[in-house]
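Secondary and tertiary structure notes
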Amino acid sequence: MALQPSELSVLHDDVDLDRDRVLVERCQAGESSAFGELYSRYYARVYRFCFRRLHDHEEAEDVAQDAFARAWRALPNFAGERRFYPWLTVIADNRC
C-alpha cells in the first residue's frame, strides 16, 4: 500500500494499548483482518519513524512494510504483556 506523504495525516495515529492488545489477541486467534486494522492504524506512524532515520521516502516505505511483515510472522510468539506499537518500532529501527 503506497501512500503519498499528503495522505499520511488523515490516517489514525493514536496509540491505544488496550485496543491493540485485543487486536493482537484476535490476530493470534487467526483473524487476519485484525492485523489489517493494526496496519491501517500504525502504517503512517511507522513510515514517519523510518523516514526520520533514513531521509528517503522510498526506503522509509520499504522498511515500514518490511517491519509489518516481520511483525506478522513473529506475532504468534508475541507476549501479551508487551505493547504492539513499541515492539513494532524496535523492529523498524533495527531494519533502518
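Residues numbered from 1 in each chain as written. Predicted model: local features only at pLDDT ≥ 70, side-chain atom pairs only at ≥ 80, totals over all residues. Heavy atoms only, no water.

Quick look at the pattern of salt bridges
With the rule as written, the count across this model stands at 7 salt bridges. Two residues, Asp18 and Arg21, come together in a salt bridge whose shortest N-O distance is 3.5 Å. Linking Asp18 with Arg21, this pair stays in helix H1 (residues 17–28), spanning 3 residues, or about one helical turn. If you follow the salt bridges from partner to partner, you end up with Asp66, Arg70 and Arg95 in one network. (Salt bridge = Lys/Arg side-chain N within 4 Å of Asp/Glu carboxyl O. Helix = DSSP H or I, 4+ residues; strand = E, 2+ residues; numbered from the N terminus.)

A word on helix H3 (residues 57–74)
Taking 1.5 Å as the rise per residue, H3 with 18 residues should run 26 Å; its terminal C-alpha atoms sit 26 Å apart, in good agreement. Of all the positions in H3, only Ala60, Glu61, Val63, Ala64, Ala67, Phe68 and Ala71 are classed as buried. Near the N-terminus of H3, the side chain that reaches the backbone nitrogen of Glu58, with its oxygen 3.1 Å away, is that of Asp56. (Expected span 1.5 Å × (residues − 1). Buried < 20%, exposed > 50% of the residue type's maximum accessible area, 1.4 Å probe, protein only. Polar contact = N/O pair within 3.5 Å; in protein donor to acceptor, adjacent residues only side chain to side chain.)

Some words on the packing of helix H2 (residues 32–54) against helix H4 (residues 84–95)
Axis separation between H2 and H4 bottoms out at 10 Å; the angle between their running directions is 45 degrees. With respect to H4, the element H2 is oriented oblique. Considering the relative orientation of H2 and H4, their crossing is right-handed. Contact residues: H2 offers Phe35, Leu38, Tyr42, Arg45, Val46, Phe49, Cys50 and Arg53, while H4 offers Phe84, Tyr85, Leu88, Thr89, Ala92 and Asp93. In terms of residue class, the contact of H2 with H4 is built from 10 nonpolar, 1 polar and 3 charged. (Axes fitted to C-alpha atoms, helices over the stretch in contact; angles between N-to-C directions. Parallel < 35°, antiparallel > 145°, perpendicular 65-115°, else oblique. Left-handed = near helix turned anticlockwise from the far one by under 90°. Contact = heavy atoms within 4.5 Å. Nonpolar A, V, L, I, M, F, W, Y, C, P; charged D, E, K, R; others polar.)

Description of the packing of aromatic side chains
Here the distance between the centres and the angle between the planes together describe a pair of aromatic rings. In total, this model carries 13 aromatic pairs according to the counting rule given. An angle of 90 degrees between the planes, with centres 6.4 Å apart, marks the rings of Phe35 and Phe84 as edge-to-face. Residue Phe35 is found in helix H2, and its partner Phe84 is found in helix H4; the two are separated by 49 residues along the sequence. For Phe35, a relative accessible area of 9% puts it in the buried group. Three or more aromatic residues joined by ring pairs make a cluster, and in this case those are Phe35, Tyr39, Tyr42, Tyr43, Tyr47, Phe51, Phe68, Trp72, Phe78, Phe84, Tyr85 and Trp87. (Phe/Tyr/Trp six-rings, centres within 6.5 Å; stacked < 30°, edge-to-face > 60°.)

A word on unusual backbone geometry
Positive phi outside glycine occurs at His55, with the angle close to 60 degrees. Relative to the helices and strands, His55 is located in the loop between H2 and H3. In this structure His55 comes out as exposed when scored by relative accessible area, which is 61%.

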